[in-house]
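# Observations on the three-dimensional arrangement
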Amino acid sequence: MTMVRGTRSVRRVLVGVAAVLAVAACAPALAGVDEGLNALAVKDFARARAEFEALPNDAQAIYHLSRMAWHGYGEPANPVRRFGLLQRAAAMGHARAKFEVAWLTALGAGTTADPEAAVGMLEQADAEGNIDATVLLGRVYRFAWWKVPQDWPRSAVLLKKASDEGSDLGSTLYATSLIQGVGVPADPPAGYQLLQKMADKGFVEAQLELARVLSEGTGGLAKDLAAAYALYLGVARQGDPFAQYMTCMALLDGRGVARDVRAASRWCDGAARQGDAWAQLRLAEMFRSGTGMPRLPGQAYSWLTVAASGKESASGIARERRARLAQEISQPEIERQTKRAAGFRAEAGLRVREAPLPDLARGDRITLDNVAISIPAPQGYFNNWEFVENFQRAGPNNPELRPNLLVLTNREDMDRFKLGLNGSLRSVEVGRHIEEDINVTPGIFADMRKSLVEAVEKTRATGRMKVDVVRNDEAALLLFREALNGGDGVDARAWVRVNGRVVLVWFTGFTYEQLQDLRQLAPATVKSILAQNGPGLFNLFGSTGN
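Attention in this report is confined to the structure presented alongside it. Since this is a predicted model, take the numbers as computed values, not measurements.

### Quick word on the overall build of the protein chain
In terms of regular secondary structure, the protein chain is built from 24 helices and nine strands. Sorting the 546 residues of the protein chain into buried and exposed places 48% on the buried side. Sequence separation of at least 24 residues holds for 57% of the intrachain contacts in the protein chain that already meet a minimum separation of 6. Separation between the mean location of the 65 positive side-chain charges and that of the 61 negative ones in the protein chain comes to 3 Å.

What follows is the structure, given as structure tokens:
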């Protein structure tokens, strides 16, 4: 019998429980506890600790000290200290602490693992009306966690009790019990109605369960792939990696939505970068086959290496596929991608870029709202659209990627890159400054420049960056930036008004040693753009309304 998303649901359960444990107790706090929480809010950990420790007989203060020990706030993370503090708070009657002590005892986190004792604690907490303990106990019996004998009828009783007490999670799980007939007589319509009610409240776990039910037609209910996709998409937009993976799969297969492998790649990349092993496995396959991604076997090897480091069933599959892929790529590439995979760090809550980056111009002209603008390449630079588009597609959610329309790359830098030599890629990136179709008059452009210069002054005031405005007139605003206080790199950017549109030009990849080259390149490039797109002096300086 299919349980709640099988092993993937167990992982979500663990994440959900961790989130529950992070919530502060709801009991009214004393002034000292409030002061401690205020200090935590501004990361003044020393003051927070002092406020909490000043209340040695206050259960809530002791509980918050346990959270500081857990997260390593102002002290090294210490699971043993955390457990001891939780025991103290639990002995004082703190309901959340009692729940956490039971959970950690089952896992052996900060103490010796003792599942039998943990179940006894949960049973006691349930009898005292701790609804979180009731739900967790229901899950323990349903999924036979901690080697506890499976007891579906007992699980259903507990989950119904939690549902009746208003627990969204309890209601969601009890709804799946009704749909699947787990511990209770099957009643799919009643289960579906309860699940829909929880989903309509915005409860994420219910939305995901409802999506699964609609995808599979569980319990004989009618399938609705379009509705399932809409649910997955809604949760995926909130940064949930499982929903992002399911959105990817729907787009790859055309389930409930038109097939779109490029869009699928963005959702799969988002889930993979958050640490979802199944998404990492799928993304590796997309790189290997060139589906929605550029065909890059090395990238595939890297993602398979990341996926292989876990303990899920996906990890075993990743290890098998990586062994086969190793026969197709060179040893230096294997070493490079292995090193790259070792540096992987999951990015929790990553938001996926839904709108694709625009295709880059293949020539020397871009179009803004049907207005053609010529962008001549400076000497030594060339249109590098193919390389850049592959780079963008390989990391579609990279926040540093801008929606450029044209990228001109220094040819010598590119040759060094192809030879595997160190060095940055100096580039001239051209994009639009205004998304809407607006005819930017000289007056509007003047106001824009004023606003931008004011922002420059604020940046200067921080002391983190040196900014020099070297041109500010009716045709363009050009400035140079140098990072200070240990920052690296220099760049320049220009806003150029041509034919009633504003082109944003970035000059990136320059080092401090290349600053003088940049100071010559940027003004010359701006001048060249203006010369190529203006019929005469009057238009050049905005004397007409065009």
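### Section: the packing of helix α5 (residues 79–91) against helix α6 (residues 95–107)
Interhelical geometry of α5 versus α6 gives an angle of 140° and a closest axis separation of 8 Å. Taken together, the axes of α5 and α6 are oblique relative to one another. Like other packed secondary-structure pairs, α5 and α6 cross with a definite hand, here left-handed. Where α5 approaches α6, its residues Arg-82, Phe-83, Leu-86, Gln-87, Ala-89 and Ala-90 are matched on the opposing element by Ala-97, Lys-98, Glu-100, Val-101, Leu-104 and Thr-105. Among the residues forming the contact of α5 with α6, the class breakdown is seven nonpolar, two polar and three charged.

### Side note on the side chain of Glu-482
With respect to the helices and strands, the residue Glu-482 is situated in strand β7 (residues 476–483). When sequence neighbours within four positions are dropped, the list of residues in contact with Glu-482 reads Arg-464, Met-465, Lys-466, Gly-489, Val-490, Tyr-512, Leu-515 and Arg-519.

### Looking at unusual backbone geometry
Unlike most non-glycine residues, Trp-146 shows phi in positive territory, near 55°. Structurally, the position occupied by Trp-146 is in the loop between α8 (131–143) and α9 (152–164). Using a relative accessible area of 16% as the deciding quantity, one classes Trp-146 as buried. A positive phi is found at Asn-370, a non-glycine position, where the angle reads about 70°. Looking at Asn-370, the relative accessible area reads 78%, which means it is exposed.

### What to know about the environment of Ile-131
Assignment of secondary structure puts Ile-131 in helix α8. As a C-alpha pair, Ile-131 and Phe-99 span 32 residues in sequence and 9.7 Å in three-dimensional space. If we ignore the near neighbours within four places in the chain, the residues touching Ile-131 are Lys-161, Ala-162, Glu-165 and Ser-167.

### Some words on the sheet that holds strand β4 (residues 404–410)
The seven strands lie next to each other as β3-β4-β5-β9-β8-β7-β6, forming an open sheet whose pairing is antiparallel. Bordering the open sheet on either side are β3 (381–383) and β6 (465–472), each of which pairs with just one other strand. Between one strand axis and the next, the sheet turns through 20° on average, direction left out of account. Note: strand β5 (residues 427–432) against strand β9 (residues 501–510), six bridges, orientation antiparallel. Across the sheet, the residue bridging to Arg-432 is Val-503, located in β9. Sitting on the sheet, helix α22 (residues 442–462) is in contact with β6, β7, β8 (490–498) and β9, with an inclination near 155° to β6.

### Focus on α6
Over its 13 residues, α6 runs 19 Å from end to end, which matches the ideal 18 Å to within 8%, given 1.5 Å per residue. Buried residues dominate α6, accounting for ten of its 13 residues. One or two steps after α6, the chain reaches Gly-108, where phi turns positive at roughly 75°.

### Quick look at the pattern of salt bridges
The final tally for this structure, using the stated rule, is 32 salt bridges. Of the charged contacts, one joins Glu-209 and Arg-212 as a salt bridge, the two residues approaching to 3.2 Å between their closest N and O atoms. Here the residue Glu-209 and the residue Arg-212 both occupy positions in helix α12 (residues 204–216), the gap between them amounting to three residues, near one helical turn. With a shortest N-O distance of 2.5 Å, Glu-457 and Arg-460 are connected by a salt bridge. With Glu-457 and Arg-460 both in helix α22 and three residues apart, the pair spans about one turn of that helix. Note on Arg-460: relative accessible area 32%, which makes it partly exposed. Among the ionic contacts, a cluster of salt bridges with common partners joins Arg-49, Glu-53, Glu-75 and Arg-81.

### Re the nonpolar core
Nonpolar side chains in soluble globular proteins tend to end up buried together. In this structure, Leu-195, Tyr-245, Leu-252, Trp-267, Leu-283, Phe-287 and Trp-303 are the most contacted members of the largest nonpolar core, which totals 70 residues. Ranked by the residues each element gives to this core, the list is headed by helix α14 (residues 241–253), at nine residues. Contacts of Leu-283, omitting those with residues within four sequence positions, involve Ser-265, Cys-268, Asp-269, Ala-272, Met-293 and Trp-303. Of all hydrophobic cores here, the second largest spans 38 residues; its members include Ala-69, Ala-102, Leu-104 and Ala-106.

### Brief notes about the environment of Val-456
Within the secondary structure, Val-456 is located in helix α22. Taking relative accessible area as the criterion, Val-456 reaches 7% and is therefore assigned buried. Apart from residues no more than four positions distant in its own chain, Val-456 is found in contact with Val-467, Val-469 and Leu-479.

### Brief notes about the packing of aromatic side chains
Using the criterion set out here, one finds eight aromatic pairs in the structure. Relative to Trp-145, the ring of Phe-143 lies with its centre 6.0 Å away and its plane at 25°, an arrangement referred to as stacked. Summarising the burial analysis for this pair, Phe-143 and Trp-145 share the class buried. Ring centres of Trp-303 and Phe-344 lie 5.6 Å apart, and the angle between their planes is 70°; on these two criteria the pair is classed as edge-to-face. Pair noted here: Trp-303 is in helix α17 (residues 297–308) and Phe-344 is in the loop between α19 (331–342) and β1 (365–368), with a separation of 41 residues, a long-range link. Taken together through their ring pairs, the aromatic side chains of Trp-103, Phe-143, Trp-145 and Trp-146 make up a single cluster. The ring of Trp-70 is capped by Arg-82, whose NZ or CZ atom sits 4.1 Å from the centre of that ring. One Lys or Arg, Arg-519, reaches over the ring of Phe-480 and ends 4.6 Å from the middle of that ring.

Rules used throughout
Residues numbered from 1 in each chain as written. Predicted model: local features only at pLDDT ≥ 70, side-chain atom pairs only at ≥ 80, totals over all residues. Heavy atoms only, no water. Helix = DSSP H or I, 4+ residues; strand = E, 2+ residues; numbered from the N terminus. Buried < 20%, exposed > 50% of the residue type's maximum accessible area, 1.4 Å probe, protein only. Contact = heavy atoms within 4.5 Å. Lys, Arg positive; Asp, Glu negative; His and termini not counted. Charge placed at Lys NZ, Arg CZ, Asp CG, Glu CD. Axes fitted to C-alpha atoms, helices over the stretch in contact; angles between N-to-C directions. Parallel < 35°, antiparallel > 145°, perpendicular 65-115°, else oblique. Left-handed = near helix turned anticlockwise from the far one by under 90°. Nonpolar A, V, L, I, M, F, W, Y, C, P; charged D, E, K, R; others polar. Pairing = 2+ DSSP bridges. Expected span 1.5 Å × (residues − 1). Salt bridge = Lys/Arg side-chain N within 4 Å of Asp/Glu carboxyl O. Core = buried A, V, L, I, M, F, W, Y, C linked by side-chain atoms within 4.5 Å. Phe/Tyr/Trp six-rings, centres within 6.5 Å; stacked < 30°, edge-to-face > 60°. Lys NZ or Arg CZ within 6 Å of the ring centre and 35° of its normal.

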